[in-house]
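Each chain, letter by letter, is given below.
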Amino acid sequence: MKKILNDPNDYVDEMLSGLVAAHPEYYRLHGETGKVVARAQSAQSGKVGIVTGGGSGHLPVFTGYVGTGLLDACAIGDVFASPSAEQIADALRCANHGAGVLRLYGNYGGDLMNFDMAGDLVEFEDIKCTTVLLADDVASAPFAEREKRRGVAGMVYAFKIAGAAAEAGLDLDGVTAVAQKAADACHSIGAALSSCTVPQAGKPTFDIGEDEMEMGMGIHGEPGVWRGKLRTADVIAEEMMDRLFADQPLVAGDRVSIMVNSLGATPPEELYILYRIVKARLEGAGAQIVMPLVGRYATSMEMAGVSFTMIKLDDELEKYLTAPCDCAFWRV
Amino acid sequence: MKKILNDPNDYVDEMLSGLVAAHPEYYRLHGETGKVVARAQSAQSGKVGIVTGGGSGHLPVFTGYVGTGLLDACAIGDVFASPSAEQIADALRCANHGAGVLRLYGNYGGDLMNFDMAGDLVEFEDIKCTTVLLADDVASAPFAEREKRRGVAGMVYAFKIAGAAAEAGLDLDGVTAVAQKAADACHSIGAALSSCTVPQAGKPTFDIGEDEMEMGMGIHGEPGVWRGKLRTADVIAEEMMDRLFADQPLVAGDRVSIMVNSLGATPPEELYILYRIVKARLEGAGAQIVMPLVGRYATSMEMAGVSFTMIKLDDELEKYLTAPCDCAFWRV
Amino acid sequence: MTITSATMRAGIIRLAAAMERDFDMLNSVDGALGDGDLGVTMKRGSATVLQGADDLPEDLGMALLACAQAFTKSSGSSYGTLMATGLMAMAKTLRGETSVEPSQVSSLVALARDAMMARGKAELGGKTVLDSLDAVVQATKGLNAPDEIADAAATSVQTAMDVMRDKPATIGRARIFAEKSIGMDDPGMVAMKQIIIALADLEA
Amino acid sequence: MTITSATMRAGIIRLAAAMERDFDMLNSVDGALGDGDLGVTMKRGSATVLQGADDLPEDLGMALLACAQAFTKSSGSSYGTLMATGLMAMAKTLRGETSVEPSQVSSLVALARDAMMARGKAELGGKTVLDSLDAVVQATKGLNAPDEIADAAATSVQTAMDVMRDKPATIGRARIFAEKSIGMDDPGMVAMKQIIIALADLEA
Ligand SMILES: Nc1ncnc2c1ncn2[C@@H]1O[C@H](COP(=O)(O)OP(=O)(O)O)[C@@H](O)[C@H]1O
Ligand SMILES: Nc1ncnc2c1ncn2[C@@H]1O[C@H](COP(=O)(O)OP(=O)(O)O)[C@@H](O)[C@H]1O
Ligand SMILES: [Mg+2]
Ligand SMILES: [Mg+2]
Ligand SMILES: [Mg+2]
Ligand SMILES: [Mg+2]
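What you are looking at is a predicted structure, and each value in this text was computed from that prediction instead of being measured.

(A) Just the site of ligand 1, in detail. Residue and element names in this part refer to chain C. Ligand 1 sits among 17 residues. The nearest are Asp 35, Ser 78, Tyr 79, Arg 173 and Asp 186. At a separation of 3.2 Å, an oxygen atom of ligand 1 approaches a polar side-chain atom of Ser 77. Between ligand 1 and Tyr 79, the relevant distance is 2.9 Å, taken from an oxygen atom to a main-chain nitrogen or oxygen of the residue. Relative to its free-state accessible area of 570 Å², ligand 1 is covered by the protein chains to the extent of 93%.

As structure tokens, then:
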């Protein structure tokens, strides 16, 4: 296991303790469980709160995006495991500034149950909660069943846009509506070249040949749409764009943002090689690219691979996407 | 080769073309060689220019740090290979705003010859040049021969500090003196867990056992001080801090910044695990930590491993370190 | 013999011991096609319940709520959350009661089953813990004698497993390996069998 | 027979052909303990020089400057930069001249050698291209006849290699493998031997 760690059981606790030690101006730990990260300075009273949560191992997702113009708090589980309902309830309590809390997270069975359960727990405390799920991975179910899709890097756009809407003073229903619109506008596709290793498992999650790749693989190693010989960068980028366009055709004049995201080990050099094709395809469709994001925005530790997320914008989404935000991993 | 690329010979050109396509507000290509990156908007006339250069494969180093409060231009070679003297001369011409240019780069034989040669070329054009070399890798030579050391992640601090001094309006001698002070104040140590692959070579630069690490390895795979069984995070961090302290002892009241840098594949989760020990050691020595940097600041593509860079600050260095800067990879 | 806080305490002690004993077995059953944490979930959860057993409220609703919270605190895994959901559903009805008749067991388990179905958005017949609970509901319906109830419940969870074994998994991580799962027991059903046997005070 | 722009052009054509031919050999000699790019450097550099050969200025200084720039343009490798450095040093002295006597070869090569020593911060005796050049300087000193100069130069670079072979590398990438390098020829010396033989119009 080529990982820098101590006892695998302490991986998440030690990571969180280092995170808040390095960035006390952004983050603090909240509550008893030790696994809720909140903004160092709480937002002002009356702002709608936004809470996310999920498994560890995806930095900057999830905890990294706690910050101004982004999230209020985050409940974080073990690597690739849902946080408990109790943690999520703590995060909801902390993010409630009297105007209710939006639960904004990825469409995974465990997370769903725990976020719902946490909602039940805090309902007794008069905290109003709404829910928006990210289900943006086009490889995980056909368009007709998009509510079954996995949530992947589209989360980052949803955090950004919902966060800006909350900061702008929209009420809970308003923020929820904007977040749902953002979530619906996101379409993602990933491709993996190598596995990552979950610390407690101690060995790679899956085996893949030295010259193989898998198209459509999920961020925890969930099966994709095909496995085969590693293609060239241009061929990979073309196929990924084809898959996004099949799901969300564009017409001339459309405004989109696109994220070219490394799953971890793939260096930015290779993201830029891919971006040439991404840009050509979008411009070829007559679309205008707004604020492209190229980098490591949603990862699976040291997995090699890449994901593209396309979000089609209207004026409202674009306004909130380009509004200021600030956390240790991203500033707009 | 688990890399996303087309023809390995096009790796750098395609990377650069994607980089400027993604961030036209920050970067543009300058000159005939296609391998000089300059600020999208040139600095105002009279500002001292700062030029760096070196091999590709270290993003954000080198090209990424072209930006306001940072570098003016950068000449970039093939992966891990020096840029040519002609490219560097182009970068010097582009960065000259009438006040001369500081050449600020890493201490490698090929780069040295080419930067000197480039200086000879532009001397005929009345461009005044000075030189500051980064030689911060404590594993590459003893303190008594520090001028022989390799330049590694300390570069990032030197770019930041010299860049802010130039932006503040210091003249060429002034910027050069500040840059030299910053370079002298940097001490770095790295440890690698796995190799990266140079595209044109097509296979990993070195072999290392599944349970092995190498302490002190250089950023191109240059031999380190020992190779042995992979230690735990805390043991690795303690040894690396020991080595930095042996080179630069601290006394109570010292102000330092520290960079905990991933060489590429190592995820931020693991950097934060290491940061716990780094912070404890610095605070244990009575030092105050200023603006710690945790992330991927100077990489070797997909190499797994980490480096620490410690810089001891005085008021002047701290002022310039914390001054604003802006590029696609870093904003202060 | 009615069920009280004291009866519950005795059951908790047996449960915690059983889950400690079955730790490796449940992990490896879950590890076959899942993430291998079911033993962890159940051992941690029941150990946390045990910690509170000495201070268990007389109010059965409050007692079950404490048990539910022990599971939400100790784990984020599906099974722990489902356990907590079922316990909370029973807690709501029993709020204010200090004893309950054995004849109510069937309807209480039905409440838990329904709440868990709602929470997990799954249906009966999908080869999950829900099928085990449904079997208990049916088998104990109309029974009054504690011994009869215990025997019927224990037999029913085994039968449910036998019935489901050759169906494919439809829910949870094993769903992805639906074909492979044919012929294998569902981990959640295995765990529920061990839980029922422990609570019923029978031999595993 | 004096050396003019036309003589240079003929030499360039032979050099480019030789470097094309020796591409793999030089890469593999450099690849033993280095990064294996010496063939690339010399082939690209001399091909770029050849591209300008038809328009080579009559002024020998300007002609050599053009050759130097061909090397700085095509490569950032040590050897290309050293070649450019040596060529530029000769260019400076010959600025304004359209011919040069063969008897000047020794002192011109000495100029190149010294500029390259300054650029690379290396000394003689370190088993590098500098030792080849120094051998040429010594062997051609006092000679006037083109044939004699050609023979002496070609013999001297071979002798220099023989002398240095069993010393450890002290400069460049191979330095790290100093022990291993004993018994192996220095890649830069091998290249200079091929260059001299091509320029001298002898058989490789
Ligand atoms: N949505 C669901 N509805 C009903 N039962 C479920 C559901 N999801 C999981 N289960 C049950 O839980 C068991 C797995 O529990 P657990 O190991 O905690 O899941 P995970 O580790 O994947 O979160 C399954 O065998 C099944 O019986
Ligand atoms: N500083 C130096 N001084 C003199 N000769 C040098 C120096 N550095 C390299 N050389 C010569 O150059 C040869 C290697 O050239 P090259 O392959 O271009 O180097 P690299 O690829 O490492 O930049 C060596 O064999 C040696 O003869
Ligand atoms: Mg499990
Ligand atoms: Mg689990
Ligand atoms: Mg070489
Ligand atoms: Mg080279």
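From this point, the narrative continues.
(B) Region of interest: the pattern of salt bridges. In the structure shown here, the tally under the stated rule is 68 salt bridges over all chains. Across the pair B:Arg39 and B:Asp72 runs a salt bridge, and its minimum N-O distance is 3.8 Å. Of this pair, B:Arg39 sits in strand β2 (residues 36-39) while B:Asp72 sits in the loop between β3 (49-56) and β4 (73-79), placing them 33 residues apart in sequence. Residue B:Arg39 is classed as buried on the basis of its relative accessible area, which comes to 6%. For the salt bridge of B:Glu318 with B:Arg255, the shortest nitrogen-to-oxygen distance reads 2.7 Å. Taken as a pair, B:Glu318 in helix α8 (residues 315-321) and B:Arg255 in strand β10 (residues 255-262) lie far apart in primary sequence, 63 residues in all. Using a relative accessible area of 16% as the deciding quantity, one classes B:Glu318 as buried. Salt bridges sharing common partners tie together A:Arg39, A:Lys47, A:Asp72 and A:Glu167.

(C) View of the sheet that holds β4(B). Residues and elements named next belong to chain B. Read from one edge of the open sheet, six strands run β1-β2-β4-β3-β5-β6, paired in mixed fashion. This sheet does not close on itself; its edge strands, each paired only once, are β1 (27-29) and β6 (129-134). Geometrically, the sheet is characterised by an average inter-axis angle of 25° between neighbouring strands, direction not taken into account. Bridging between β3 and strand β5 (residues 101-106) involves three bridges; their strand directions are parallel. Note on β5: the bridge partner recorded for Val 51 is Arg 103. Helix α4 (residues 154-167) contacts β2, β3, β5 and β6 of the sheet and is inclined by roughly 170° relative to β5. Set on the sheet, helix α5 (residues 172-185) makes contact with β3, β5 and β6; between it and β6 the angle comes to about 10°.

Analysis parameters
Residues numbered from 1 in each chain as written. Chains lettered and ligands numbered in written order. Predicted model: local features only at pLDDT ≥ 70, side-chain atom pairs only at ≥ 80, totals over all residues. Heavy atoms only, no water. Near = heavy atom within 4 Å. Polar contact = N/O pair within 3.5 Å; in protein donor to acceptor, adjacent residues only side chain to side chain. Areas by Shrake-Rupley, 256 points an atom, 1.4 Å probe, with all protein chains shown as cover. Salt bridge = Lys/Arg side-chain N within 4 Å of Asp/Glu carboxyl O. Helix = DSSP H or I, 4+ residues; strand = E, 2+ residues; numbered from the N terminus. Buried < 20%, exposed > 50% of the residue type's maximum accessible area, 1.4 Å probe, protein only. Pairing = 2+ DSSP bridges. Axes fitted to C-alpha atoms, helices over the stretch in contact; angles between N-to-C directions. Contact = heavy atoms within 4.5 Å.

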